[in-house]
Amino acid sequence: ITSDGWFRTLDRGELVDNRLNVFGRADEIINSGGIKIDPHQLETTIVNLIPIDEFIVCSTQHEILGECVTLCVLSKDADLVDISKLRSDLKKDMPSTHLPLKIATIDKFIKNQNGKLNRKQISKFCNIVQEYESTK
């Protein structure tokens, strides 16, 4: 609770015409080489580009950038996505610094007690299956 009586959360949003629009949580922002990337924004664009119903954008370790944007899909869907094609499709809508550098898989998505995908836990347990060629 702040000194003026407000309860501080890590939720991000904006107030427009007395309506609160929540974007996500500040602790989910990916810091890739100093560039801040909102995984929710990326997911909103990716949903129309790949033939997969369930996926999540998370961060994984990167030897130069510290962490990088990674698209994680279920293991059964690994062959349905190609990192180069995805990046090519996404370049129309966002800067290259915001694009996934890796594709990862996980056998089952980890969820929190509220039933939402647990981005941090998924990041820890996913397996990298593709990397964008320029990062090797």
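Residues numbered from 1 in each chain as written. Predicted model: local features only at pLDDT ≥ 70, side-chain atom pairs only at ≥ 80, totals over all residues. Heavy atoms only, no water.

Enquirer: Can you help me understand the overall build of the protein in this one?
Expert: Broken down by element type, the protein carries 3 helices and 8 strands. Order of helices (α) and strands (β) in the protein, N terminus to C terminus: β-β-β-β-α-β-β-α-β-α-β. Within the span of the protein, comprising 136 residues, buried residues form 40% of the whole. Sequence separation of at least 24 residues holds for 55% of the intrachain contacts in the protein that already meet a minimum separation of 6. Total accessible area computed for the protein in this model is approximately 8800 Å², and 47% of it derives from carbon and sulfur atoms. (Helix = DSSP H or I, 4+ residues; strand = E, 2+ residues; numbered from the N terminus. Buried < 20%, exposed > 50% of the residue type's maximum accessible area, 1.4 Å probe, protein only. Contact = heavy atoms within 4.5 Å. Areas by Shrake-Rupley, 256 points an atom, 1.4 Å probe, with all protein chains shown as cover.)

Enquirer: Looking at this model, I keep getting lost on the side chain of Thr-70. Mind explaining?
Expert: Relative to the elements of secondary structure, Thr-70 occurs in strand 6 (residues 66–74). According to the relative accessible area criterion, Thr-70 is buried, its value standing at 0%. Setting aside chain neighbours within four positions, we find Thr-70 in contact with Ile-56, Val-57, Cys-58, Ser-59, Thr-60, Lys-102, Ile-103, Ala-104 and Ile-128.

Enquirer: Any chance you could explain the confidence of the model for the protein here in plain terms?
Expert: Low pLDDT means the predicted coordinates in that region are not meant to be read closely. Looking at the protein, the pLDDT average stands at 88 and 87% of residues meet or exceed 70. Model confidence for the protein, summarised as mean pLDDT per element, is weakest for strand 2 (residues 19–25) at 64 and strongest for strand 7 (residues 102–106) at 98. (pLDDT = per-residue confidence, 0-100.)

Enquirer: Looking at this structure, how should I read the nonpolar core?
Expert: Nonpolar side chains tend to gather and get buried jointly when the protein is soluble and globular. In terms of nonpolar packing, the biggest core is built from 18 residues, with Leu-42, Ile-46, Ile-50, Val-57, Leu-71, Leu-86 and Leu-90 touching the most fellow members. Every element with two or more residues in this core is listed here: helix 1 (39–46), strand 5 (55–62), strand 6 and helix 2 (83–90). Those residues in contact with Ile-50 that lie beyond four places of it in its chain are Phe-55, Leu-71, Val-81 and Leu-86. One finds Leu-74, Ala-104, Ile-106 and Cys-126 within the second-largest nonpolar core, a separate group that totals 9 residues. (Core = buried A, V, L, I, M, F, W, Y, C linked by side-chain atoms within 4.5 Å.)

Enquirer: Is there a simple way to think about helix 2 in this case?
Expert: Given 3.6 residues per helical turn, the α-helix brings residues three or four places apart onto the same face. Listing the buried residues of helix 2 in full gives Ile-83, Leu-86, Arg-87, Asp-89 and Leu-90. The buried side chains of helix 2 occupy one side of the element, clustering within an arc of 165 degrees when seen end-on. Buried residues belonging to helix 2 abut helix 1, strand 6, strand 7 and strand 8 (127–131). The distance from a side-chain oxygen at the start of helix 2 to the backbone nitrogen of Ser-84 is 3.3 Å, and the residue carrying that oxygen is Asp-82. (Arc of directions from axis to C-beta. Polar contact = N/O pair within 3.5 Å; in protein donor to acceptor, adjacent residues only side chain to side chain.)

Enquirer: Is there a simple way to explain unusual backbone geometry in this structure?
Expert: Of all residues except glycine, most have a negative phi; of all peptide bonds, most are trans. Despite not being glycine, Asp-17 shows a phi value in the positive range, around 50 degrees. Examined against the element boundaries, Asp-17 turns out to sit in the loop between strand 1 (11–16) and strand 2. We classify Asp-17 as exposed; its relative accessible area is 74%. At Asn-18, a residue that is not glycine, the phi angle is positive and equals roughly 60 degrees. Here Asn-18 shows up in the loop between strand 1 and strand 2.

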